[in-house]
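# Commentary on secondary and tertiary structure
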Amino acid sequence: GAGVSQSPSNKVTEKGKDVELRCDPISGHTALYWYRQSLGQGLEFLIYFQGNSAPDKSGLPSDRFSAERTGGSVSTLTIQRTQQEDSAVYLCASSLRVADTQYFGPGTRLTVL
Amino acid sequence: GNSVTQMEGPVTLSEEAFLTINCTYTATGYPSLFWYVQYPGEGLQLLLKATKADDKGSNKGFEATYRKETTSFHLEKGSVQVSDSAVYFCALSDLNAGGTSYGKLTFGQGTILTVHP
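The structure contained in this document is the topic of the report that follows. Worth saying up front: this structure is predicted, and the values here are computed from it rather than measured.

### Here we look at the overall build of chain B
Within chain B, the secondary structure is distributed over zero helices and 12 strands. Helices (α) and strands (β) of chain B occur, in sequence order from the N terminus, as β-β-β-β-β-β-β-β-β-β-β-β. Taken over the C-alpha trace, chain B has a radius of gyration of 14 Å; the compact-globule value for 117 residues is 13 Å, and the two agree within 12%. When its C-alpha atoms are laid out on the principal axes, chain B stretches across 50 × 30 × 20 Å. Across the 117 residues in chain B, those meeting the buried criterion constitute 44%. Pairs at least 24 residues apart make up 56% of the contacts formed inside chain B by residues separated by at least 6 positions. Split by element, the accessible area of chain B, about 5500 Å² in all, is 49% carbon and sulfur. Chain B carries 8 positive and 11 negative side-chain charges, and their two centres are separated by 8 Å.

### A short note on the interface of chain B and chain A
The accessible area lost on association of the parts is a frequent measure of interface size. On the side of chain A, 16 residues touch chain B, which itself brings 14 residues to the contact. Here chain B packs against chain A, burying approximately 1400 Å² in sum over the two surfaces, 62% of which is carbon and sulfur. Applying the counting rule to chain B against chain A returns one salt bridge. Where chain B packs against chain A, one counts five residue pairs in polar contact (both at pLDDT 80 or more). Looking at the side of chain B that touches chain A, the elements that each hand over two or more residues are strand 5 (32-38), strand 6 (44-50) and strand 11 (105-107) of chain B. Class assignment for the residues of the side of chain B that touches chain A results in eight nonpolar, four polar and two charged.

Rules used throughout
Residues numbered from 1 in each chain as written. Chains lettered and ligands numbered in written order. Predicted model: local features only at pLDDT ≥ 70, side-chain atom pairs only at ≥ 80, totals over all residues. Heavy atoms only, no water. Helix = DSSP H or I, 4+ residues; strand = E, 2+ residues; numbered from the N terminus. Rg over C-alpha atoms; globule rule 2.2 N^0.38 Å. Buried < 20%, exposed > 50% of the residue type's maximum accessible area, 1.4 Å probe, protein only. Contact = heavy atoms within 4.5 Å. Areas by Shrake-Rupley, 256 points an atom, 1.4 Å probe, with all protein chains shown as cover. Lys, Arg positive; Asp, Glu negative; His and termini not counted. Charge placed at Lys NZ, Arg CZ, Asp CG, Glu CD. Buried area = accessible area lost by both parts, 1.4 Å probe. Salt bridge = Lys/Arg side-chain N within 4 Å of Asp/Glu carboxyl O. Polar contact = N/O pair within 3.5 Å; in protein donor to acceptor, adjacent residues only side chain to side chain. Nonpolar A, V, L, I, M, F, W, Y, C, P; charged D, E, K, R; others polar.

See the structure below:
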C-alpha cells in the first residue's frame, strides 16, 4: 500500500537551469494535484489532472511552469529557466476521484541558487 | 474568490492544556472543510474533515465543527500532548456550481503548535 511518492526529495539548481520534478500517485487514483509551499506564499495550488480531461492550469505562476501526466499515472512538473523565487517545496497529491480526500507526497524541496 | 484565514501563530502550550486554533473561510459555493497536519520532517496528512453544515469532524482527540452561519471551522483539543507539536493547516475544497474548481484545496497560512512537557 504505497502512498504518493515524489522524486527527488531535494534539488539544488542554478538560476536559469531547467528542472523536472516527478510524482507517482497512489495506484488507481484518477485525480492528481500539484501544490507549492513557500515561506512567502504559504500553500498554493498549481495544477490539476483528472483522467483524460484537460488539466486545470489556473494556478501556474508563469509560462515557465508546465506539467504533464502520462498514461493517467505518473506526473512531471517542469520549471524552465528557474528563478530564485521558484525556491519552495513542491507537493503532489492524489485522490481516488475528484473532491475525494487528497493524499500528499513528502514533497520535493527545490533550491535555486 | 475562495480564502481561508487562520489564527496567527506560533502557539505554545503546556502538555494537557486546551487547544483552539481559529479558522474562518470565504467561499463562492458550498465547500468541504479540512484540517491538515504536518509533523516535523513529514508530509501533509489529513487530520479531519466535514462536508456539510453542523458536521463535526474528529480524529486523534481533535474536533472541528462546520459552522455555516459564522463561516468557521475552529480546531479544538481538550488535552494536548507533546506529540501534537506540528503545523496545522485549515483548508477548503469548493466544488462550485458546475464543478469547475475540481476540488482543489485552498489553504490557510498554517499555525505552528509547540507543546512543552
